[in-house]
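Fold and geometry: a report
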Amino acid sequence: MDERARIDDVCQRLRDHYVFPDVAEKLTVFLQARLGEGAYAGLDDKAFADAVTQDLQSVSGDKHLRLRFHVDPLPEVDGQSFDPEVYRREAELNGFGIASARRLSGNVGYLETKLLYGPDISGEALAAAMTLLATADALLIDVRENRGGDPMAVAMLISYLVDEPVHFNSIYLRDGDVTNQFWTLPYVPGRKFGADKPVWVLTGPTTFSGAEDLSYSLQQLGRAKTVGAVTGGGANPRRQYKVDTHVDVTVPGGRAVNPVTGTNWEGVGVRPDIPVAVEDAFDTAYALALEHVLTLGDSGVRRQLADEARITLAGLG
């Protein structure tokens, strides 16, 4: 497929699906002008995808809006340019997006996620991780390198941190002109961490999309403090559409609407409650968690935990 046919396909996808129709028209005019200037002539697939992505984002500022080059040929599955079985296998090989779930010294729980796969894929792993961490006195959720994922995984994770169903996000969809509310789940497997113990979410510039949803929602609910640096700023959920054998386009067809703020983090990112350099976020949050542990007592069964907390806190200082 030549560059003209590719650009025509991208422009049609924008007109049909982009959540902001007026911006879609501006993008269409701009891409066609760039095509006429020869901006995309003679480029290989990857260079073409990179050039068009740069142009799309220069006008829209939308980091979810991009062309992507894939080394392997893209299958066509129900109008989507991915194979669900390949995606499931990828999740298995990536630990279902969970890089670490462990108890730190001082009885502080630590959960690091890199991607939020849907509960249909990652549910058992998420439940196992949260059950392991349920008896911690405080919890650190590290999404500094999490690039996003399924909003239902966000719903599942937040469900372990509250006692009653909570409306934490809504998504407006252009297709159908509907707004879908997202609530925490009435039931989750395993044991909950609960609503009363403190939670800190570690963020950074690589935190994106669904991971920002998790961070922003917990922050606005008052359920967690965010620690670190401003996140990437992608709040418009997208779908991918096949352009040709090795190239697809991701088009945001909706926008998040937080029930507390009435807006979202698109283009501005999630502002941390405790701003520190991204590399200092762990030590900062861990120290706060240990200080909390020391308020819980140091006699009886808590004596060992308090000793652990004091020694570890001294090492962080």
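Higher on the page you've got the structure.
Note that the coordinates shown come from a computational prediction; the quantities given were computed from them, not determined experimentally. (Residues numbered from 1 in each chain as written. Predicted model: local features only at pLDDT ≥ 70, side-chain atom pairs only at ≥ 80, totals over all residues. Heavy atoms only, no water.)

Attention now goes to the sheet that holds strand E12 (residues 274–275). Taking strand neighbours across the sheet as the criterion, the 6 strands line up as E2-E3-E4-E7-E8-E12 in an open arrangement whose pairing is mixed. At either margin of the open sheet sits one strand with a lone partner, and together these are strand E2 (98–104) and E12. Direction of pairing for strand E4 (residues 138–142) relative to strand E7 (residues 199–203): parallel, over a ladder of 4 bridges. The residue of E7 that forms the bridge with Leu-140 is Trp-200. In the packing of helix H8 (residues 281–294) onto the sheet, contacts are made with E2, strand E3 (108–113), E4, E7, strand E8 (225–228) and E12, and the angle to E7 comes to roughly 175°. (Pairing = 2+ DSSP bridges. Helix = DSSP H or I, 4+ residues; strand = E, 2+ residues; numbered from the N terminus. Contact = heavy atoms within 4.5 Å. Axes fitted to C-alpha atoms, helices over the stretch in contact; angles between N-to-C directions.)

We now examine the packing of aromatic side chains. The relation between two aromatic rings is expressed through the spacing of the ring centres and the mutual angle of the planes. The full count for this structure, using the stated rule, is 6 aromatic pairs. For the pair Tyr-87 and Tyr-117, a centre-to-centre distance of 5.3 Å together with 55° between the ring planes defines the contact as tilted. Residue Tyr-87 is found in helix H4 (residues 84–93), and its partner Tyr-117 is found in the loop between E3 and helix H5 (119–133); the two are separated by 30 residues along the sequence. Residue classification places Tyr-87 among the partly exposed positions, given a relative accessible area of 31%. Given the relative accessible area of 1%, Tyr-117 is considered buried. Measuring from ring centre to ring centre gives 5.4 Å for Phe-282 and Tyr-286, while their planes differ by 50°; the resulting arrangement is tilted. In this pair, Phe-282 and Tyr-286 both sit in helix H8, 4 residues apart, roughly one turn of the helix. Taking relative accessible area as the criterion, Tyr-286 reaches 6% and is therefore assigned buried. Directly above the aromatic system of Phe-48 lies the positively charged group of Arg-6, at a separation of 4.9 Å from the ring centroid. Here the basic side chain of Lys-197 rests over the ring of Phe-193, its NZ or CZ set 4.2 Å away from the ring centre. (Phe/Tyr/Trp six-rings, centres within 6.5 Å; stacked < 30°, edge-to-face > 60°. Buried < 20%, exposed > 50% of the residue type's maximum accessible area, 1.4 Å probe, protein only. Lys NZ or Arg CZ within 6 Å of the ring centre and 35° of its normal.)

Another aspect to go through is the pairing of strand E5 (residues 167–173). Most of E5 sits inside the fold, with 6 of its 7 residues counted as buried. Pairing analysis gives 6 bridges linking E5 to strand E6 (residues 178–183), with the strands arranged antiparallel. The partner of His-167 across the bridge, within E6, is Trp-183. Judged from the 4 bridges that link them, E5 and strand E11 (residues 254–257) form a sheet pairing that is antiparallel. Considered in E11, the bridge of Tyr-172 is made with Arg-255.

Now for the environment of Phe-30. Along the chain, Phe-30 turns up in helix H2 (residues 21–36). Each C-alpha atom of the pair Phe-30 and Leu-56 lies 8.5 Å from the other, and the pair is 26 residues apart in sequence. The contact partners of Phe-30, leaving out residues within four places of it in the chain, are Asp-55, Ser-58 and Val-59.

Here we take up the packing of H2 against helix H3 (residues 45–60). Packing of H2 against H3 leaves a shortest axis separation of 10 Å and a crossing angle of 140°. On the basis of the axis angle, H2 is oblique to H3. In this structure, the crossing between H2 and H3 has a hand that is right-handed. Only Val-52, Asp-55, Leu-56, Ser-58, Val-59 and Ser-60 of H3 make contact with H2, whose side of the interface consists of Val-23, Lys-26, Leu-27, Phe-30, Leu-31 and Arg-34. A per-class count over the contact of H2 with H3 returns 7 nonpolar, 2 polar and 3 charged. (Parallel < 35°, antiparallel > 145°, perpendicular 65-115°, else oblique. Left-handed = near helix turned anticlockwise from the far one by under 90°. Nonpolar A, V, L, I, M, F, W, Y, C, P; charged D, E, K, R; others polar.)

Another point: the sheet that holds strand E9 (residues 238–244). Strand pairing in a sheet relies on backbone hydrogen bonds. The paired strands run either parallel or antiparallel. Pairing within the open sheet is antiparallel, and its 3 strands lie in the order E1-E10-E9. Looking along the sheet, the strands with just one partner apiece sit at the ends: strand E1 (66–69) and E9. Ignoring strand direction, the axes of neighbouring strands in this sheet form an average angle of 30°. Note: E1 against strand E10 (residues 247–252), 4 bridges, orientation antiparallel. Bridging from a neighbouring strand, Arg-66 pairs with Thr-250 of E10. Sheet contacts for helix H1 (residues 3–17): E1, E9 and E10; angle to E9, the most-contacted strand, approximately 155°. Of the strands in this sheet, E1 and E10 are in contact with H3, which crosses E1 at around 165°.

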